[in-house]
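Single-letter residue listing:
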Amino acid sequence: MRKVLTAVLMCSLLGSLIGCSGGNSADQPASAGTDTAPPAAASDEKEPVKLRIAWWGGQSRHDYTLKVIEMYQEQNPHVTIEPEYAPFDDYWKKLAPQAVAGGLPDIIQMDISYLNQYAGRNQLADLKPFTDSGVLDVSDVSENALSGGEVNGKLVAMNLGVNALQTTFDVETMKKNGIDIPGKDWTWDDMDKMGAQAKEKGFLIGGFAYRHDVFFPYYLRTIGQKMYSADGKTIGYADDQAFIDYFTRYQKWYDNGYILSLDKEAQKKGVAEEDEIVLGNAISGTGWSNQFLAVANLVPDRPLELNPMPGPGTKEGLFLKPSMYFSVTETSKHKEEAAKFISFFINDIEANKLIKGERGVPVSAKVKEALKPLLSENEAKIFDYVTWAEANSSPGDPPNPIGAVEIEKLLRDLSERILYKKISVEDAAAEFRKEANAILARSQQ
């Protein structure tokens, strides 16, 4: 089985569109034979099925996903699964021409930033018929977790795991240096104070750097506003004061030296080994709950803890985010078989002993409970935090509208110009609203 997978992987690396495509043809079952043959002798044999599945990620994700595929094939010998994978950016570059050519894999890993784009072009199948029939078993999955994959009343993506925004604290370093450790009900003013205390002791706090596309919407939610309007046609917040308040505070952190300079931030490759907590330069950081593990595992000499993002309005700001999804493509000729594999992926306990929440805390309550005794201390912290967030958060926003990826780049560019004093916060707020609304208007055409 492993040799088969290796061959498939080599083929996929050479280019799935050149002779390694997952053909959907299958041999017809043998005829019943003569009258003297046992009736329906072949009726229990399942017709061979070939599925293609694509995902992005690092090597550890590739390794365990291949093992899960192997487990599934052993239990379903009539199914052959061809894997295709790549790093995040390369993944979408590869998927785009396949979508245009009508050659998408049967199952594709999907991100919330692209969900509306693919669903809006009717490239993703509705999974609701399969959840209704039980082929895709969601009996242990909450409605909250399921709703994150819905677009226009259709379930076009199955949530594979949930995350919540969090702040990581290096509690031992904070205690040693007399830096106050905030509680779960801390505020932005507390974060200002923490930044000043850390700077005095020669440390940084974790800024939002290039992820204002994540943290600005969080801030908007805490004050009862939204990044996008309900129909996705315009920016959602009422006036520019929200933008001004958020970036004025962030500019203050930057000018005071509380956060890393942009030139140093730009040199990073986004790997945990470069995290400022790991390097001993920062007492805190921010990110999604599943990102905590890689950082915490690299500092075994001192405990790290997860804390919510600051408020007021933390409960309104926090939400359970689908870390990623599996979608079945509309062009797949084996949608039911694809749905069966996804059901196995989210529900099979032995498979999830390999996955161990790497794609987010499992959405199946049964699986989550079964994994608890197997978790490391840091993994258990993530599970516990997400459990807390389930009871202390609000429903998430709809998937980002088409054009959101372009808007995220606009926000990043403007944030750099603000920090480099090339534009005032007020002018940036006005420019963002104008340009973002123009992007959304173009995307509707």
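Owing to the predicted nature of the structure, the values given are computational and were not obtained by experimental measurement.

## Some details on the overall build of the chain
Move 1: Each helix and strand counted, the chain has 19 helices and 10 strands in total.
Move 2: Taking 22 Å as the expected radius of gyration for a compact globule of 445 residues, we find that the chain reaches 24 Å, a close match to that expectation.
Move 3: Along the first, second and third principal axes, the C-alpha atoms of the chain reach 90 × 50 × 40 Å.
Move 4: Sorting the 445 residues of the chain into buried and exposed places 53% on the buried side.
Move 5: Long-range contacts, defined here as pairs at least 24 residues apart, represent 74% of the contacts in the chain between residues at least 6 apart.
Move 6: As displayed, the chain offers around 20500 Å² of accessible surface, 51% of which is attributable to carbon and sulfur atoms.
Move 7: Seen as two clouds, the 48 positive and the 63 negative side-chain charges of the chain have centres 3 Å apart.

## What to know about the packing of aromatic side chains
Move 1: Applying the stated criterion to the full structure yields 33 aromatic pairs.
Move 2: The interplanar angle of 70° and the centroid separation of 5.8 Å between the aromatic rings of F208 and W253 together place this pair among those described as edge-to-face. Of this pair, F208 sits in the loop between α8 (188-200) and α9 (212-222) while W253 is found in helix α10 (residues 241-255), placing the two residues 45 residues apart along the sequence.
Move 3: When the centroid spacing of 5.8 Å and the interplanar angle of 45° are considered together, the rings of Y219 and Y246 count as tilted.

## Some remarks on the sheet that holds strand β8 (residues 284-288)
Move 1: The sheet built from three strands is open, its strands ordered β8-β7-β9 with antiparallel pairing. With one partner strand each, in any of the chains shown, β8 and β9 (304-307) form the two edges of the open sheet. Within this sheet the neighbouring strands show an average axis-to-axis angle of 30°, counted without direction.
Move 2: Across four bridges, strand β7 (residues 165-170) lies against β9 in antiparallel orientation. Note on β9: the bridge partner recorded for T168 is L306.

## Focus on the pattern of salt bridges
Move 1: For the structure shown, the criterion picks out 29 salt bridges.
Move 2: In this structure, the salt-bridge partner of K268 is E276, at a minimum N-O distance of 2.7 Å.
Move 3: Assessed through its relative accessible area of 13%, E276 is described here as buried.
Move 4: The network of salt bridges with common partners includes R52, E84 and K94.

## A closer look at the pairing of strand β6 (residues 158-163)
Move 1: Burial runs high along β6: six of the six residues are buried.
Move 2: In terms of strand pairing, β6 meets strand β10 (residues 321-328) through five bridges, oriented antiparallel. What sits directly across from N159, in β10, is Y325.

## Comments concerning the environment of D263
Move 1: Following the sequence through the fold, D263 ends up in helix α11 (residues 262-265).
Move 2: A relative accessible area of 45% means that D263 is categorised as partly exposed.
Move 3: A polar atom in the side chain of D263 sits 2.4 Å from the side chain of S261.

## Some remarks on the nonpolar core
Move 1: Counting 137 residues, the largest nonpolar core has M158, F243 and F432 as the members making the most contacts within it.
Move 2: Among residues more than four places away in sequence, those in contact with M158 are L127, L136, V138, V141, L146, M324, Y325, F326, I342, I346 and V363.

## Here we look at unusual backbone geometry
Move 1: Of note, the amide linkage connecting G311 to P312 takes the cis form, showing an omega dihedral of 10°.
Move 2: Mapped onto the fold, P312 is located in the loop between β9 and α13 (314-317).
Move 3: Positive phi is not limited to glycine here, since N152 has a value of about 55°.
Move 4: With respect to the helices, strands and loops of the structure, N152 is situated in the loop between β4 (150-151) and β5 (154-155).

## A short note on the side chain of N159
Move 1: Counting through the fold element by element, N159 comes out in strand β6.
Move 2: Under the relative-accessibility criterion, N159 is labelled buried at 2%.
Move 3: At a separation of 3.1 Å, a polar atom in the side chain of N159 contacts the main-chain carbonyl oxygen of A145.
Move 4: Within the structure, N159 has its side chain in polar contact with the backbone nitrogen of G161 (distance 3.0 Å).

## Details of the packing of α9 against helix α18 (residues 404-419)
Move 1: At their nearest, the axes of α9 and α18 sit 9 Å apart, and the two run at 90° to each other. Taken together, the axes of α9 and α18 lie roughly perpendicular to each other. In this structure, α9 contributes H212, D213 and F216 to the contact, and α18 contributes E408, L411 and S415.
Move 2: Residue composition of the contact of α9 with α18, by class: two nonpolar, two polar and two charged.

## Observations regarding the sheet that holds β6
Move 1: Read from one edge of the open sheet, five strands run β2-β1-β3-β10-β6, paired in mixed fashion. What marks the edges here is a single partner per strand, and that holds for β2 (79-86) and β6. Strand-to-strand twist of the sheet, defined as the mean angle between neighbouring strand axes without regard to direction, takes the value 15°.
Move 2: Strands β1 (49-56), β2 and β3 (107-110) of the sheet are contacted by helix α3 (residues 88-100), whose axis makes an angle of about 135° with β1.
Move 3: In the packing of helix α4 (residues 112-120) onto the sheet, contacts are made with β3 and β10, and the angle to β3 comes to roughly 130°.

## Notes on α10
Spacing of three or four residues puts side chains on the same side of an α-helix, whose turn is 3.6 residues.
Move 1: Under the 1.5 Å per step criterion, the end-to-end length of α10 is 21 Å for 15 residues, consistent within 8% with the ideal 21 Å.
Move 2: Restricting attention to buried positions, one finds in α10 the residues A242, F243, I244, Y246, F247, Y250, Q251, W253 and Y254.
Move 3: Structurally, α10 contributes buried residues whose contacts are with α8, α9, α11, α18 and α19 (425-443).
Move 4: Just downstream of α10 lies G257, where phi reads positive at about 75°.

What counts and how
- Residues numbered from 1 in each chain as written.
- Predicted model: local features only at pLDDT ≥ 70, side-chain atom pairs only at ≥ 80, totals over all residues.
- Heavy atoms only, no water.
- Helix = DSSP H or I, 4+ residues; strand = E, 2+ residues; numbered from the N terminus.
- Rg over C-alpha atoms; globule rule 2.2 N^0.38 Å.
- Buried < 20%, exposed > 50% of the residue type's maximum accessible area, 1.4 Å probe, protein only.
- Contact = heavy atoms within 4.5 Å.
- Areas by Shrake-Rupley, 256 points an atom, 1.4 Å probe, with all protein chains shown as cover.
- Lys, Arg positive; Asp, Glu negative; His and termini not counted.
- Charge placed at Lys NZ, Arg CZ, Asp CG, Glu CD.
- Phe/Tyr/Trp six-rings, centres within 6.5 Å; stacked < 30°, edge-to-face > 60°.
- Pairing = 2+ DSSP bridges.
- Axes fitted to C-alpha atoms, helices over the stretch in contact; angles between N-to-C directions.
- Salt bridge = Lys/Arg side-chain N within 4 Å of Asp/Glu carboxyl O.
- Polar contact = N/O pair within 3.5 Å; in protein donor to acceptor, adjacent residues only side chain to side chain.
- Core = buried A, V, L, I, M, F, W, Y, C linked by side-chain atoms within 4.5 Å.
- Parallel < 35°, antiparallel > 145°, perpendicular 65-115°, else oblique.
- Nonpolar A, V, L, I, M, F, W, Y, C, P; charged D, E, K, R; others polar.
- Expected span 1.5 Å × (residues − 1).

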